[in-house]
Amino acid sequence: MKTLIIYYSKTGHTLDAARDIAEGMKENQVIPEIRNYIEMKYRDLGNYDLILVGSPCHAGSTAPLRSGIARPLERFLKSIPRNFLQGKKAAAFSVNAGLGAGNTVRSLEKLLKRAGALVVYSPGPAVKAGAPLSLWRGPDYNSRDREKLRSFGKQVASNK
Ligand SMILES: Cc1cc2nc3c(=O)[nH]c(=O)nc-3n(C[C@H](O)[C@H](O)[C@H](O)COP(=O)(O)O)c2cc1C
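As the structure is a computational prediction, the values presented were derived from the model and not from experiment. (Residues numbered from 1 in each chain as written. Predicted model: local features only at pLDDT ≥ 70, side-chain atom pairs only at ≥ 80, totals over all residues.)

Summing up its helical and strand segments, the protein has 4 helices and 6 strands in all. Tracing the protein from N to C terminus, the helices and strands come up as β-α-β-β-α-β-α-β-β-α. For 160 residues, the compact-globule formula gives about 15 Å, and the C-alpha radius of gyration of the protein, at 14 Å, lands near that figure. Dimensions along the principal axes, computed over C-alpha positions, put the protein at roughly 35 × 35 × 25 Å. Within the protein, contacts between residues at least 6 apart in sequence are counted, and of these 75% link residues at least 24 apart. (Helix = DSSP H or I, 4+ residues; strand = E, 2+ residues; numbered from the N terminus. Rg over C-alpha atoms; globule rule 2.2 N^0.38 Å. Contact = placed C-beta atoms within 7 Å.)

This part is about the environment of Glu147. The topology assignment puts Glu147 in helix H4 (residues 143-158). For Glu147, a count of 12 C-beta atoms within 10 Å translates into the label exposed. It is 25 Å that separates the C-alpha atoms of Glu147 and Leu112, two residues lying 35 residues apart in sequence. (Buried ≥ 20, exposed ≤ 12 C-beta atoms within 10 Å, placed from the backbone.)

Around the ligand lies a shell of 25 residues, among which Ser9, Thr14, Pro56, Asn96 and Gly130 are the nearest. When residues of the shell around the ligand are traced back to their parent elements, those giving at least two are helix H1 (13-26) and strand E4 (89-96). Its residues assigned to classes, the shell around the ligand comprises 10 nonpolar, 14 polar and 1 charged. (Near = placed C-beta within 6 Å. Nonpolar A, V, L, I, M, F, W, Y, C, P; charged D, E, K, R; others polar.)

Sheet topology places strand E1 (residues 3-7) next to strand E2 (residues 33-36); 4 bridges connect them, and they run parallel. Note that in E2 the partner of Ile6 across the bridge is Arg35. (Pairing = 2+ DSSP bridges.)

Time to look at H1. In this model H1 runs 20 Å from its N-terminal to its C-terminal C-alpha over 14 residues, within 8% of the 20 Å that 1.5 Å per residue would give. Burial analysis of H1 places 10 of its 14 residues in the buried class, the great majority of the element. Residues of H1 that are buried in the fold lie against E1, E2, strand E3 (50-56), E4, strand E6 (126-128) and H4. (Expected span 1.5 Å × (residues − 1).)

Function cannot be read off these values alone, since they describe shape.
Here is the structure:
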């Protein structure tokens, strides 16, 4: 199963989450590629069977006014034509400094479904790390959240 974890990350926490999810996936013999969304064109997503998307929560507590997805990643996901991801499996995850990542995860899952993907795990994990507005990197997520991410990765990878 060719697997991609695509993410946006300003101060590195969402990338950390992607790496911990990948560790969990490896326990079920799935080795994902981890890519910053900026390296990808939407057409590249056609090369994968399973796609995980991660975003920090940006203004996620203002639902329903904002999706809570980092704007550049949201634009990328909205550029995927409807049904382009048909037949593919997908899941989402998010990181927030305090509040709102649940909204970000829901919004990511909605865009994945709009693109035609089957969301195989919902809601995906929301963990706590970072500083308000990411003005500095802020504290890392704790060991419980790390375990949550790994276990998510392991479960998603078992869905072959
Ligand atoms: C523009 C902006 C808006 C943010 N809005 C929220 C928010 O609504 N709730 C929250 O808990 N954290 C918010 N944050 C903080 C980030 O979600 C948090 O620091 C996260 O860990 C950053 O992830 P990253 O290191 O992958 O960029 C915001 C950060 C930025 C830059």
